[in-house]
Every structure is written in C-alpha cells, then in structure tokens.
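Here is how the chains run, residue by residue.
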Amino acid sequence: MAFELPELPYDYEALQPYMSKETLEYHHDKHHKAYVDMGNTLAEKAGMAGKSVEEIVKASYGKDQPLFNNAAQHYNHIHFWKWMKKDGGGKSLPGKLQTAFDSDLGGYDKFRNDFIDAGKGQFGSGWAWVAVKDGKLEIMKTPNGENPLVHGATPILGVDVWEHSYYIDYRNARPKYLEAFVDNLINWDYVLERYEAASA
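Residues numbered from 1 in each chain as written. Predicted model: local features only at pLDDT ≥ 70, side-chain atom pairs only at ≥ 80, totals over all residues. Heavy atoms only, no water.

## A word on the packing of aromatic side chains
Stated precisely, the cut-off is as follows: Stacked, edge-to-face and tilted labels apply to pairs of Phe, Tyr and Trp rings (six-membered ring for Trp) whose centres lie within 6.5 Å, assigned for plane angles under 30 degrees, over 60, and everything in between, in that order. Secondary structure elements follow DSSP: runs of H or I no shorter than four residues count as helices, runs of E no shorter than two count as strands, and numbering proceeds from the N terminus. The buried label goes to any residue with under 20% of its type's maximum accessible area, the exposed label to any with over 50%, and the partly exposed label to all in between, with areas taken from a 1.4 Å probe on protein chains only. For a Lys NZ or an Arg CZ to count as sitting over a ring, it must be within 6 Å of the ring centre and within 35 degrees of the ring normal.
With the rule as written, the count across this model stands at 16 aromatic pairs. On the basis of an interplanar angle of 10° and a centroid distance of 6.1 Å, the ring pair of Phe 80 and Phe 181 is categorised as stacked. Of this pair, Phe 80 sits in helix α3 (residues 65-82) while Phe 181 sits in helix α7 (residues 174-185), and the two are 101 residues apart along the sequence. The exposure class assigned to Phe 181 is buried, which follows from its relative accessible area of 0%. In this structure, Lys 30 is placed above the aromatic ring of Tyr 26, and the distance from its NZ or CZ to the ring centre is 5.4 Å.

Next up, the structure:
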C-alpha cells in the first residue's frame, strides 16, 4: 500500500491546553485515516500504488483531483504532526534557522506576523506555510490540500487551517489557534531538519 497512517510522535494529551486530546483523536484517528484509506484506494486505481507520496502528489495535481486531494492531505499531515511538540514554539530557533529567517523573512517577529496573517487570510480550508523556493524561504498559503510541492517549493513548516484542526478547542477563533501554534507548539528542531533536507 502506498500510504500508512503514522503514529503520533507524542501522546494524545501532550499538546494540551493548546490542542486537546479530543482534537487529536478526531484529526489524526479519523480525518487523517480517511485520507490514507481513500488515498490507497485511488492510488491503486490510478496505477500509482508503488510510488512515493511526493511523486503521487506531483503526478496527480491538475489531472486526478480526488487522488490529489487525499495524497496531498496525507503528505501535509505526515509533517503536521511532527511540526508540533510539547513545550514548543517561541523564539528559540536553532542558529542556522534563525539566520535564514533573519535574511529571508525579516526576522522572527515579522515571520510570526506574516505567517499568522497567511493563516488568517486563507479563505475557507487550507494551509499556511514556510517553504524553500529557489534557495530562499518564503511564506505561502494554499487552499484545501494543496501544498508548496506543486508550486516548485519544499515546505519546512505548515499549519492546518481546516476547521477540524481547531474548532473543538477554539471554535471560530482561528487567529487564537494560529497564535497558540506559533507561540507554544512549533517543533523548531523538525523545521530545521526539513530546512536542511530542502537546502541539501
């Protein structure tokens, strides 16, 4: 099978009070699992079951919307879980990442403001991203399951702004969710790992 639901890299209570056990149970166990199950069915039908998730995302974009939707959302969530950790967030970025944020994004405070604005400004469902494009970092937003892979970029950080990611905990207060994500949840070590892989 092309896709497998990963285990969460922490227990279901670990991200409280910023993301509840109930949100993780619904979001991971039900929503992400649905993308995996449907993605496997559609990938097999399309003759792509042996390809990587990145290959399937790129190959299905603009050609097979149902497959793309599920493959892209699987890719997005594989990384979303790892982009969070207990006692995460804040301004303590690893040195190499801090240097890149300073030179490409105008420093941490500007990044925080622009990233939250991207998430707030994404109408309806979608994602806000920091991605490497042409060797430089940029902040992007995409609708639905779309991601930077299909725009010639590699995501190093992403936040899910579909309502199922925050509605149990924040109701309609998306900005509060985004602030909590940046200030208290981001796993900067994983962002650095993704940055180094994208820059290699």
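Alright, that's what it looks like, and here's the rest.
## Some thoughts on the packing of helix α2 (residues 53-60) against α3
The test is simple: Helix axes use the C-alpha atoms of the stretch in contact, all axes being lines fitted to C-alpha atoms, and the angles between their N-to-C directions lie in the range 0 to 180 degrees. Should the near helix be turned anticlockwise from the far one by less than a right angle, the crossing is left-handed, and should it be turned clockwise, the crossing is right-handed. Every residue pair with non-hydrogen atoms within 4.5 Å of one another is taken to be in contact. Classes in brief: Ala, Val, Leu, Ile, Met, Phe, Trp, Tyr, Cys and Pro nonpolar; Asp, Glu, Lys and Arg charged; the others, Gly included, polar.
At their nearest, the axes of α2 and α3 sit 9 Å apart, and the two run at 140° to each other. Note on packing geometry: the crossing formed by α2 with α3 is left-handed. Taken together, the residues of α3 that come into contact with α2 (itself represented by Val 53, Glu 54, Ile 56, Val 57 and Ser 60) are Leu 67, Phe 68, Ala 71, Ala 72, His 74, Tyr 75 and Ile 78. Tallied by class, the residues present in the contact of α2 with α3 amount to nine nonpolar, two polar and one charged.

## Quick word on the side chain of Arg 194
Convention followed: When charges are counted, Lys and Arg are positive and Asp and Glu negative, with His and the chain ends excluded. The rule for a salt bridge is simple: a side-chain nitrogen of Lys or Arg has to be within 4 Å of a carboxyl oxygen of Asp or Glu.
Inspection of the secondary structure assignment puts Arg 194 in helix α8 (residues 188-199). One buried charged residue, Arg 194, remains without a salt bridge, the closest side chain of opposite sign being Glu 54 at 5.7 Å. In contact with Arg 194, not counting residues within four places along its chain, are Tyr 75, His 79, Trp 83, Thr 154, Pro 155 and Ile 156.

## Examining the UniProt feature "domain: Manganese/iron superoxide dismutase N-terminal" (unreviewed entry) in the protein chain
Definition in use: UniProt positions are given in the numbering used here, feature names are shortened, and annotations may be inferred rather than shown by experiment.
UniProt records the feature "domain: Manganese/iron superoxide dismutase N-terminal" (unreviewed entry) for residues 3-84 in the present numbering. End C-alpha atoms of residues 3-84 are separated by 21 Å, and the span's content is 62% helix alongside 0% strand.

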